[in-house]
Amino acid sequence: MIRGLYLGRFQPYHLGHHQVLKQISKEVDEIIVGIGSAQKSHEVENPFTAGERVLMVTSAIKEFDIKHYVIPIEDIQRNSLWVSHVKSMVPPFDIAYTNNPLVIELLSEAGIEVKQSPLFKRNKYSGTQIRRLMLKGEKWKKFVPESVIEIIDEINGVKRLRTVTQSDQE
Ligand code: NAD
């Protein structure tokens, strides 16, 4: 029985993440998705709450019909202790999946097997790019799964993103 951990911020969960999860679901028996920076929301870089991101991942992962756990993980101020922090929050796992260089370094130093995945259309399937499109009023829906569109619409996410970029200063 192999349990794999996939870590991300998912601001928002997009089709690049979805491709990675699809691949992981073929390689492991159970998937843990760790929702990083769980404490952050209502910011330009982090518009969605941990609960909203849990909803996005949970709704999208159903497609792969694999046992899964979606767990929010808050950041901590000390990178050297972060892996212990993550391990204290999630079920035991055998392998971790990430392309984030800092995350690779921290997990590898802790002796955890890390697997990187290919990047799928990184210039389009990118949280930064999707948030930029939302702010500019351009088409973003084709870059996220259908179920995620519904969630972002339901919570009025684009309006929130625009509001948090505003300032009362001239
Ligand atoms: P992310 O949502 O940007 O990406 C998640 C994963 O998906 C990454 O591995 C990324 O490479 C991959 N990905 C993104 N677009 C892709 C595409 N088009 N095709 C294929 N793969 C794609 O999240 P992230 O920044 O990697 O999340 C790491 C989390 O860990 C953050 O929340 C960070 O704060 C947290 N962290 C915290 C500490 C601490 O608290 N001290 C330390 C390290 C990391």
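Described in the following lines is the structure provided in the data block. (Residues numbered from 1 in each chain as written. Predicted model: local features only at pLDDT ≥ 70, side-chain atom pairs only at ≥ 80, totals over all residues. Heavy atoms only, no water.)

Most peptide bonds are trans, and most residues other than glycine sit at a negative phi. Each neighbour pair has its own omega, and for Q11 with P12 the value is 0 degrees, a cis peptide bond. Looking at the element boundaries, P12 is found in the loop between β1 (3–8) and α1 (15–27). (Helix = DSSP H or I, 4+ residues; strand = E, 2+ residues; numbered from the N terminus.)

Applying the stated criterion across every chain, the model contains three aromatic pairs. With 5.8 Å between their ring centres and 45 degrees between their planes, F10 and Y13 make a pair best called tilted. With 6.2 Å between their ring centres and 65 degrees between their planes, Y125 and F143 make a pair best called edge-to-face. Here F143 lies in the loop between α5 (127–136) and α6 (146–154) and Y125 lies in the loop between β5 (114–115) and α5, a separation of 18 residues in the sequence. The exposure class of Y125 is buried, given its relative accessible area of 13%. Here the aromatic residues Y6, F10 and Y13 are joined through ring pairs into a cluster of three or more. (Phe/Tyr/Trp six-rings, centres within 6.5 Å; stacked < 30°, edge-to-face > 60°. Buried < 20%, exposed > 50% of the residue type's maximum accessible area, 1.4 Å probe, protein only.)

This paragraph deals with helix α3 (residues 79–89). Of the residues making up α3, those classed as buried are W82, V83, H85 and V86. With its buried residues spanning 165 degrees around the axis, α3 presents them on a single face. Exposed side of α3, more than 90 degrees from the buried face: S80, S84 and S88 are the residues found there. Among the structural elements, β1 and α4 (101–109) are those in contact with the buried residues of α3. (Arc of directions from axis to C-beta. Contact = heavy atoms within 4.5 Å.)

Near the ligand there are 26 residues, and of these Y6, S37, I76, N79 and F120 occur at the shortest range. Surface burial for the ligand is 90%, taken as the share of its 850 Å² of free accessible area covered by protein chains. Listed by contribution, the elements that provide at least two residues to the shell around the ligand are β1, α1, α3 and α4. For the shell around the ligand, a count of residues per class yields 13 nonpolar, ten polar and three charged. (Near = heavy atom within 4 Å. Areas by Shrake-Rupley, 256 points an atom, 1.4 Å probe, with all protein chains shown as cover. Nonpolar A, V, L, I, M, F, W, Y, C, P; charged D, E, K, R; others polar.)

At a closest axis distance of 9 Å, the pairing of α3 and α4 adopts a crossing angle of 75 degrees. Considering the angle they form, α3 stands roughly perpendicular to α4. Here N79, W82 and V83 of α3 lie close against α4, whose contacting residues are L102, V103, L106 and L107. For the contact of α3 with α4, the class distribution of residues is six nonpolar, one polar and no charged. (Axes fitted to C-alpha atoms, helices over the stretch in contact; angles between N-to-C directions. Parallel < 35°, antiparallel > 145°, perpendicular 65-115°, else oblique.)

A few words now on the packing of α5 against helix α7 (residues 157–165). Two elements in contact, α5 and α7, have axes separated by 9 Å at closest approach and are oriented at 85 degrees. Overall, the two elements α5 and α7 adopt an arrangement that is roughly perpendicular. Here α5 contributes R131, M134 and L135 to the contact with α7, which in turn contributes V158, L161, R162 and T165. The class makeup of the residues in the contact of α5 with α7 is four nonpolar, one polar and two charged.

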